[in-house]
Amino acid sequence: MLRQQDVGHRIVVRRIVGIRGGRPLFSDALGELVELSETHITLATDAGPLRVPVGEVHRAKRVPPARRPTAAAVVDLELAADEAWPAPVRGRLGDWRLRSAAGWTGRANSALPIGDPDRPLPAALDAVQRWYADHGRPALVNTPLPLAAPVGAELDARGWTSRPPTLVQTVPLVTLTGRPDRLATDPPPVALTDAPADDWLAVAADRKGGLPAQARHVLTAVARVRFAELRVDGRLLAVGRGTVTGEGRWLGVSLLEVLPEARRQGFAAAVVHALAAWGAAEGATRAFLQVEQRNVGAVALYRRLGFTTHHTYLTRVAP
């Protein structure tokens, strides 16, 4: 059967739809798992959303994606994401990126092993560990899958562990900019600024466990960046960050956050739509975001907005 970790992935569900001659009749449904509760399985199919009571489920399992992205597509998106979340301390190992930001977020403090490191793989990983040791940081490696599967296999042999999987999800911007009716309510307007306000930074600090000086570089050192604010009576209730990178093709959505007392009012979707409109005006054609697979609430929200999983990555941790 399915687990919460399967939310956001492609699944097949065989359900019981009737009885004939004393035997059950089955029907199969294929789609992306949107929600898994104690009572229902909800999946997005080509024909639209389908909600199946658990009592009708005979069998359900994850299946491979319909089409895997090409290696070039994964590299293109990973480089756009790296540009959108720039670590202040950087190094190179051939094509590999080495990144450090005083430990603020895994993305800004890990090696990105895409391309040729200009040396055999074992020597490359030894060099990664030396670089992080020289900078006083633990060694982390982000492995986009399946592109970096050989790197992952070598790390397995060395006893490296993995953090929970992260989904890299994408959507055509026209899906976001052309469907304002997706909002469940009519929320207040969203303002976009070119620098984060103090209370915006406070929300980010609360979510990420602090905000060192290096974090401000990660947040602001992008040529095209906007900080979304949704306020009610002057009080900040929802935030988000948008960047345009990847030679202007990609809108990156990050740090989407709604205060607990303001959730389920369409505020998160309003922030995403506002950033999408800005990104489209800047010439971007697709949006991406990165979300932990175990964050089932966020995954379900992004699925409702039209995001689908492009690929996944694991953050690997040295023993």
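Parameters at a glance
- Residues numbered from 1 in each chain as written.
- Predicted model: local features only at pLDDT ≥ 70, side-chain atom pairs only at ≥ 80, totals over all residues.
- Heavy atoms only, no water.
- Helix = DSSP H or I, 4+ residues; strand = E, 2+ residues; numbered from the N terminus.
- Rg over C-alpha atoms; globule rule 2.2 N^0.38 Å.
- Buried < 20%, exposed > 50% of the residue type's maximum accessible area, 1.4 Å probe, protein only.
- Contact = heavy atoms within 4.5 Å.
- Areas by Shrake-Rupley, 256 points an atom, 1.4 Å probe, with all protein chains shown as cover.
- Lys, Arg positive; Asp, Glu negative; His and termini not counted.
- Charge placed at Lys NZ, Arg CZ, Asp CG, Glu CD.
- Patch = residues over 30% accessible without salt bridge, like charges linked within 9 Å, V, L, I, M, F, W, Y side chains within 5 Å.
- Salt bridge = Lys/Arg side-chain N within 4 Å of Asp/Glu carboxyl O.

I tried to follow the overall build of the protein chain on my own but got confused; where do I start?
When helices and strands are tallied, the protein chain shows 8 helices and 16 strands. Compactness check: the protein chain gives a C-alpha radius of gyration of 21 Å against a globular reference of 20 Å for 319 residues, within 12% of the reference. In terms of its C-alpha atoms, the protein chain occupies a principal-axis envelope of roughly 70 × 55 × 35 Å. When the 319 residues of the protein chain are sorted by exposure, 48% land in the buried category. Pairs at least 24 apart in sequence give 67% of the contacts found in the protein chain among residues at least 6 apart. Surface exposure of the protein chain reaches about 15100 Å², of which carbon and sulfur atoms provide 51%. Computed over 40 positive and 31 negative side-chain charges, the inter-centroid distance for the protein chain is 6 Å.

What is the right way to look at a nonpolar patch on the surface in this model?
On the surface, Ile 16, Ile 19 and Phe 26 cluster together to form a nonpolar patch covering roughly 270 Å² of accessible area. Along the chain, the position of Ile 16 falls in strand S1 (residues 10-20). Owing to a relative accessible area of 30%, Ile 16 belongs among the partly exposed residues under this scheme.

Honestly, the environment of Gly 103 in this entry has me stumped. Any pointers?
With respect to the element layout, Gly 103 can be found in the loop between strand S7 (96-100) and helix H2 (121-134). Sequence separation between Gly 103 and Pro 319 is 216 residues; the distance between their C-alpha atoms is 17 Å. In contact with Gly 103, other than residues within four places in its own chain, are Asn 109 and Arg 137.

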